[in-house]
Amino acid sequence: MTTRTAPDASALPVAWWKSSRSAAQSDCVECGLLDGGPVAVRDSKVPHGPAIVVSRAALAAMVGAVSDGTL
């Protein structure tokens, strides 16, 4: 698994989205799909801050681990 970072997430060529479960809370992340399949993830409060770029499989594994309480 390869994880990259992008120093300015707003410069990435993606349409960002936030979970509908985030509501009005300020502790949210946003995701964006990059060409070729990777997913960029950033802090919604800092749109010009860094993003991590991971595979869809890695993101799914993380979400699964959070959902089942192992992470």
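Residues numbered from 1 in each chain as written. Predicted model: local features only at pLDDT ≥ 70, side-chain atom pairs only at ≥ 80, totals over all residues. Heavy atoms only, no water.

1. Focus on the layout of surface pockets
The volume enclosed by the largest pocket comes to roughly 350 Å³. Lining of the largest pocket is provided by 15 residues; of these, V29, L59, M62, V63 and V66 occupy positions nearest its centre. Going through the elements one at a time, β3 (29-33), β5 (51-54) and α1 (56-68) are the ones with two or more residues in the lining of the largest pocket. In terms of residue count, the dominant contributor to the lining of the largest pocket is α1 (eight residues). Its residues assigned to classes, the lining of the largest pocket shows 13 nonpolar, two polar and no charged. Approximately 240 Å³ is the volume found for the second largest pocket. Lining the second largest pocket are ten residues, with K18, S19, R21, S22 and V29 sitting closest to its centre. Contributions of two or more residues to the lining of the second largest pocket are made by β2 (17-18) and β3. Of the residues assigned to the lining of the second largest pocket, the class counts are four nonpolar, three polar and three charged. (1 Å grid on protein atoms, 1.4 Å probe; cavity = no way out; pocket = protein on both sides within 12 Å on 5 of 7 lines; lining within 4 Å. Points joined across faces, edges and corners; volume = space filled by probe spheres on them. Helix = DSSP H or I, 4+ residues; strand = E, 2+ residues; numbered from the N terminus. Nonpolar A, V, L, I, M, F, W, Y, C, P; charged D, E, K, R; others polar.)

2. As for α1
For α1, spanning 13 residues, the distance from its first C-alpha to its last is 18 Å, which sits close to the expected 18 Å at 1.5 Å a residue. Looking at α1, one finds that the buried residues are A58, L59 and A65. When α1 is viewed along its axis, its buried side chains cluster within an angular range of 125° and face the same direction. What points out from α1, more than 90 degrees from its buried face, is the exposed set A57, A60, S67 and D68. Summarising the contacts, the buried residues of α1 are in contact with β3, β4 (39-43) and β5. (Expected span 1.5 Å × (residues − 1). Buried < 20%, exposed > 50% of the residue type's maximum accessible area, 1.4 Å probe, protein only. Arc of directions from axis to C-beta. Contact = heavy atoms within 4.5 Å.)

3. Overview of the nonpolar core
Listed in full, the nine residues of the largest apolar core are A6, A9, L12, V14, W16, L34, A40, A51 and V53. Aside from chain neighbours lying at most four places away, what touches V53 is T2, T3, R4, L34, P38, V39 and A40. Listed in part, the six residues of the second largest apolar core include C31, V54, A58 and L59. (Core = buried A, V, L, I, M, F, W, Y, C linked by side-chain atoms within 4.5 Å.)

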